[in-house]
Amino acid sequence: MADMRRLALVSRASSLLSAPAQLAYDLCKGHTSAELIRSRLGLLNVPKSAAWFHASSVGECALAVAAASAINEAQLASDEDILSSALLTSWTNQGTIWARRRAAPQLNPGIKVAAVDAVWNSPRAVRRLLHRVQPKATFFVQSELWPSMISEASSFGCHLAVIDGRMSERSLRRWKHYASNVARDMLSSFNVVIASSESHAARFKNLGATNVVVAPSLKFATAEEKTPQVDEELSAALQSRKTWMAVSTHAGEAQVIIEAHRRVSELFDAPPLLVLAPRYPEQCEAIARSIDRNVMLRSKGRSPLPSTEVFIVDTLGELSIFFRHLDIAFIGNSLLAHGKGHNFAEAAAEGCTILRGPNVGDFEEMELQTGVPQSFIRVQDSASIAKAVHRLLLDPDSLRDAGREIQDSVRKLGRQAKEAIVENLVPLLNGDVAHKRFVSK
């Protein structure tokens with residue numbers, strides 16, 4: 001049985017170490033509003049909710065919403081009242097803002113979601129939040145394992161689960177070296193850990209998780225979100241020319257993409273169009289000024305002109321529009337030596353062939369899960385990118401055939417990910433399983 005006294009001691013110690021660091025982070029980011037501080041202290045007046053989802057930032061919030069959406073679809077189909085309200089906390093303010101904008105439309109009707117900034121990793125702050133929310137279950141997204149949250153939620157009587165669980169080799173080594181017993185105590189208290197791959201599952205088991213299941217990543221499920229309506233002018237502009245796109249590029253990658261596009265343009269009589277969507281929109285104007293070609297910003301014009309060679313997307317929430325109309329997408333943060341890639345599922349769900357650099361981290365496992373290797377092309381520099389783009393633009397029929405395969409695969413994996421959520425989380429919400437409470441030895 002897990003030792004509550006040991007975990008409680010570590011919980012207090014981690015609070016003393018992490019809370020000041022979390023406060024310093026907020027101050028550095030200029031996040032000092034009264035609402036934020038009250039939220040960090042667990043003092044916000046939030047509605048009672050059957051489930052508490054805790055995520056790190058925007059990407060993890062999207063996975064939490066996908067999980068809630070799976071539960072909502074199940075209850076609407078069965079006409080059962082499984083989950084009518086939920087709390088979603090995010091460590092970053094960007095995640096909270098995203099959740100407030102996107103969760104309500106996606107989960108309506110069915111689940112009312114309150115999104116707030118996460119409490120500090122402090123036992124008292126967590127207890128305050130728990131007494132306000134009164135959750136039946138607490139779900140931690142990916143690797144958000146905070147001792148105070150887990151200890152207090154378990155002591156409060158919550159069923160616990162990890163969803164879309166990830167555990168890197170580096171994290172495994174750190175837990176094993178510095179806090180092996182604490183990790184075992186924490187993870188053995190979880191009713192279920194839903195790991196996103198066999199390798200992640202093995203690491204969770206290595207640390208002491210006892211009920212680990214493997215399911216496709218919820219990233220595949222997030223790709224099923226509805227695509228906004230596209231205006232006819234933009235649609236016509238994108239489809240009237242040979243066009244490719246590069247998304248989520250980081251500092252240094254945009255220049256490589258621009259050089260690749262220059263090379264591609266030299267191979268066609270009519271220059272193709274590049275749609276470029278940097279990861280951080282605030283970088284777009286500087287990138288535009290550095291390009292010696294005909295450039296247009298999305299915010300300055302609704303659609304590219306016939307003379308536009310590079311169309312820079314400096315707006316948020318519109319990538320799905322372009323994925324739906326284009327067949328080739330380079331995914332950034334993959335050319336850099338320290339890169340870890342970005343989620344390709346949304347592009348693949350719309351039938352895009354994916355170009356990516358050599359460094360993609362966990363996304364390599366996601367590629368293998370699709371079972372469609374021909375839809376992923378590894379590149380390493382501007383020359384290899386240009387060669388791949390040129391070949392693909394010359395063979396649109398093969399592009400469409402490969403697109404249908406990857407589209408079907410991603411949608412199937414998304415359904416499987418949602419089925420795993422329903423199968424494993426609904427019993428926790430219905431109270432159909434025993435609570436794994438911490439007890440002293």
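Because the structure is predicted, anything quoted here is derived from the model rather than measured. (Residues numbered from 1 in each chain as written. Predicted model: local features only at pLDDT ≥ 70, side-chain atom pairs only at ≥ 80, totals over all residues. Heavy atoms only, no water.)

**A short note on helix α11 (residues 232–239)**
Working step 1: Taken together, the buried positions of α11 are occupied by L234, S235, A237 and L238. Buried residues along α11 cover an arc of 165 degrees about the axis, so they all sit on one side. The outward face of α11, more than 90 degrees from its buried face, is lined by the exposed residues E232 and Q239.
Working step 2: Turning to α11, the residues buried within the fold contact β8 (243–249), β9 (273–278) and α14 (319–325). (Buried < 20%, exposed > 50% of the residue type's maximum accessible area, 1.4 Å probe, protein only. Helix = DSSP H or I, 4+ residues; strand = E, 2+ residues; numbered from the N terminus. Arc of directions from axis to C-beta. Contact = heavy atoms within 4.5 Å.)

**Details of the pattern of salt bridges**
Working step 1: Following the criterion strictly, the structure yields 17 salt bridges and no others.
Working step 2: The shortest N-O distance in the salt bridge between R166 and D362 comes to 2.7 Å. Highlighted residues: R166 in the loop between β5 (159–165) and α7 (169–178) and D362 in the loop between β13 (353–356) and α16 (363–370), separated in sequence by 196 residues.
Working step 3: Take D362: its relative accessible area is 27%, and that puts it in the partly exposed class.
Working step 4: The network of salt bridges with shared partners includes E259, R262, R263 and E266. (Salt bridge = Lys/Arg side-chain N within 4 Å of Asp/Glu carboxyl O.)

**Observations concerning the sheet that holds strand β12 (residues 328–331)**
Working step 1: In spatial order, the strands read β10-β11-β9-β8-β12-β13-β14; together these seven strands make up an open sheet with parallel pairing. Each of the sheet's edge strands pairs with one partner strand only, and the pair in question is β10 (295–297) and β14 (376–378). When the angles between neighbouring strand axes are averaged without regard to direction, this sheet yields 20 degrees. (Pairing = 2+ DSSP bridges. Axes fitted to C-alpha atoms, helices over the stretch in contact; angles between N-to-C directions.)

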